[in-house]
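Read off the chains here:
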Amino acid sequence: MHRERSALPSATCPASYPAGQSPGGHGRAIAALWLVYVVAMAIVFRVPIASGFDLGFGDRADGLIEMTILEHWRNVWSGVSPWNGGFYFHPYGGTLGYNDGYFLYGLSYSFWRLFADPFHADTLNILTFKTVGFFGAYALATRSLGWGRGAGLFVALSFTIASNIALQAVHAQLQSVALLPIAMMLAISCVRTEAMGRHARARLLAVALAALIAAWLMTSYYMAWFTIFSACLFLLCRAMLGDQAQPTATIALVRRHAGTIACGLGSFAVLILPFLAVYLPKLRETGGEGYFEMLGYLITPVIDMVNVGPDNYLWGWMFRPLLALVHQVLPDDPALPGRVLRGEHEVGFPPIFCILLIVTAWRILRHRPVGEGATVSVEWRAFTLAMIVGWALTLQFWIFSPWNLVFYLVPGAKGLRVVSRYQLWLTLPFLLIVVYAWRARMAALLRSKPWWGVAIVTLLLAENLSAETAAQLSRREQRVALDAIPPPPADCRVFYVVASRAGEPLYVNAELNALYPHNVDAMFLAEQWRVPTINGFSTFNPPDWHFDDPLAGDYEARVKRYVARHGLRQVCRLDMRQARPWSR
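Residues numbered from 1 in each chain as written. Predicted model: local features only at pLDDT ≥ 70, side-chain atom pairs only at ≥ 80, totals over all residues. Heavy atoms only, no water.

Q: Before we go on, may I ask you to explain the side chain of Asn464 in this structure?
A: The residue Asn464 is located in the loop between α22 (450-462) and β2 (473-474) in this model. At 3.1 Å, the side chain of Asn464 and the backbone oxygen of Leu460 are in polar contact. (Helix = DSSP H or I, 4+ residues; strand = E, 2+ residues; numbered from the N terminus. Polar contact = N/O pair within 3.5 Å; in protein donor to acceptor, adjacent residues only side chain to side chain.)

This is the structure in structure tokens:
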């Protein structure tokens, strides 16, 4: 056991007080931590705050779909809904499996709903997870990795305001990346405790980590799957670079720690059963994401790696000409620039940070000294190699990509369409790699030339900031529109929507407008009224779902066929264009 303890990098040894600090400065350190936290939250929530808490994260479609599922969990705790399916897509069961499950979000949201309406509770839920991410990242850096408080504050602030995570906050489930530092702390603590021979505590930590990952899968599949995938990459790289490269050494290592490994994997196998019960049937039903649909959401080399969007305060000037160039080349498709450069492609790392990362990774993998000349441990080399390999796998060269192998060979990969979201997950690991290598030099620079040090840190933080915002959903507008819709008649057992709002502006374009507004309103109202609807819209839809384009001439015929096929009775029709909106 002594040999395994000494194999841990010195930079990861726990410390009662971070390097360079003393107990006497504890009060000031706490004050600094809370001050930086307030600054971080002010940056993240600046638009909701400036709007008087009218604007929330998400938009007319994704935001309401998310709140529908969160309201579903509230109905579960109230005992009026089965846990695995809501009041939409009636009469199908297990409908939670058509989208992310938002389980942990549902716990937080349901608490906030005791004091707030759905829109404010949703914003408070995001605040909850951003808080978890901030303090989790700080604790990871200072306690688990034993770094100084300055390094911990930089990691926590950078992770919280990261450009790509902020721009993708329109998809609220992706903010669950805030759980990553918690998972990393549990893993590090489990390994260290096992190495010290405290097997009972190590096994408890392994079970806790398994429970977190299982709940995370039920909350946000992308971020949880990326965590499992990256952990496997790390273990593979650690085995290749360390003394476990030989099969006999690996077998011996597993045998020494078989009890803890069995507890972790065994508990995970049990705790993941609800996730599998919900999602495997829907995966068989829908077939998962298609290969060519996935191809449009890989990482274009160089461009997407640093794509912080045209509204970034420091780097937007790089992307505005690119958007104009794409439009100039193919002017017949005015939406093309947005499809190839905006939206899900705005997941890049700020250019200065990206260059610093590449230089740092090169030095670590080439066995060059980092920090104050310290030799890089095998754990940090394996971690860096695994993260860079994972990043490289997402690169796309026309229709070819290394991710093709992942898509076809790795279990669960077919559930991912927007592979570019991996860069959101990589934000924290890349921050850790950079800070690991440069924190000693930065501390020295802050002592010798403090203004230069402050300027560099400020620049690295500032290049994350953008005028673009993911807070696009107006509580006031939605409440005015939705509150005007009368509830269904008392004898209505099921309802469907033709038009939920009269005179509503076009949503994005004609194609999306035919899919989202009426379906999204129907599913949200169904959870509010606790009356089933045949409407709904999700990542996947039921096999005979044909409820797009409600103003088309054949819409009523499609509804009638569906009603007859499923034997539905007492079905009501909602059309807010009529003086009496409800009819049979």
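Q: Hey, could you run me through unusual backbone geometry in this one?
A: As a rule of thumb, non-glycine residues mostly have phi less than zero, and peptide bonds are mostly trans rather than cis. Of the consecutive residues His90 and Pro91, the connecting peptide bond is found in the cis state with omega at 5°. Checked against the element boundaries, Pro91 lands in the loop between α4 (62-77) and α5 (103-112). One non-glycine residue, Val302, lies in positive phi territory at about 70°. Mapping Val302 onto the fold places it in the loop between α15 (291-295) and α16 (316-329). The class of Val302 is exposed, set by a relative accessible area of 60%. Here the phi dihedral of Trp398 falls at roughly 60°; this positive angle occurs in a residue that is not glycine. Along the chain, Trp398 turns up in the loop between α19 (378-393) and α20 (403-409). According to the relative accessible area criterion, Trp398 is exposed, its value standing at 74%. (Buried < 20%, exposed > 50% of the residue type's maximum accessible area, 1.4 Å probe, protein only.)

Q: Is there a simple way to think about the sheet that holds strand β3 (residues 494-499) in this case?
A: Strand pairing in a sheet is mediated by backbone hydrogen bonds. Such pairs are either parallel or antiparallel. Strands sit in the order β3-β4-β5 across an open sheet of 3 strands; the sheet is mixed. Among the strands making up the open sheet, the edge pair consists of β3 and β5 (582-583). In the sheet, strand β4 (residues 571-575) pairs with β5 via 2 bridges, with the strands oriented antiparallel. Note on β5: the bridge partner recorded for Arg573 is Ser583. (Pairing = 2+ DSSP bridges.)

Q: Hey, could you run me through the packing of aromatic side chains in this one?
A: Aromatic ring pairs are defined here through the distance separating the ring centres and the angle between the ring planes. Inspection of every chain in the model, using the stated rule, returns 48 aromatic pairs. Both rings, one in Phe229 and one in Trp403, keep their centres 5.7 Å apart while their planes meet at 65°; by these two values the pair is edge-to-face. Residue Phe229 is found in helix α11 (residues 221-241), and its partner Trp403 is found in helix α20; the two are separated by 174 residues along the sequence. For Trp403, a relative accessible area of 0% translates into the label buried. Among the aromatic residues, those joined into a cluster by ring pairs are Tyr222, Trp225, Phe226, Phe229, Trp403, Tyr422 and Trp425. (Phe/Tyr/Trp six-rings, centres within 6.5 Å; stacked < 30°, edge-to-face > 60°.)

Q: Can you walk me through helix α26 (residues 555-566) in this structure?
A: Residues three or four positions apart in an α-helix share a direction because the helix packs 3.6 residues into each turn. Given a rise of 1.5 Å per residue, 12 residues ought to cover 16 Å, and the 17 Å separating the end C-alpha atoms of α26 matches this to within 8%. Contact partners of the buried residues in α26: β3, α25 (517-529) and β4. Immediately downstream of α26, the backbone of Gly567 shows phi near 65°, a positive value. (Expected span 1.5 Å × (residues − 1). Contact = heavy atoms within 4.5 Å.)

Q: Before we go on, may I ask you to explain the pattern of salt bridges in this structure?
A: It is possible for side chains bearing opposite charge to pair when their charged atoms get close. Summed over all chains, the structure comprises 24 salt bridges. With a closest N to O distance of 2.4 Å, Asp491 and Arg584 form a salt bridge. With Asp491 in the loop between α23 (475-483) and β3 and Arg584 in the segment after β5, this residue pair connects regions lying 93 residues apart in the sequence. Looking at Asp491, the relative accessible area reads 39%, which means it is partly exposed. Arg565 is paired through a salt bridge with Asp544; the nearest N and O atoms lie 3.1 Å apart. Of this pair, Arg565 sits in helix α26 while Asp544 sits in the loop between α25 and α26, and the two are 21 residues apart along the sequence. (Salt bridge = Lys/Arg side-chain N within 4 Å of Asp/Glu carboxyl O.)

Q: Help me understand α5, please; the structure alone is not making it clear to me.
A: Inspection of α5 places Leu104, Tyr105, Gly106, Ser108, Tyr109 and Ser110 among the buried residues, and these make up the whole buried set. Among the structural elements, α4, α6 (118-144) and α10 (199-217) are those in contact with the buried residues of α5.

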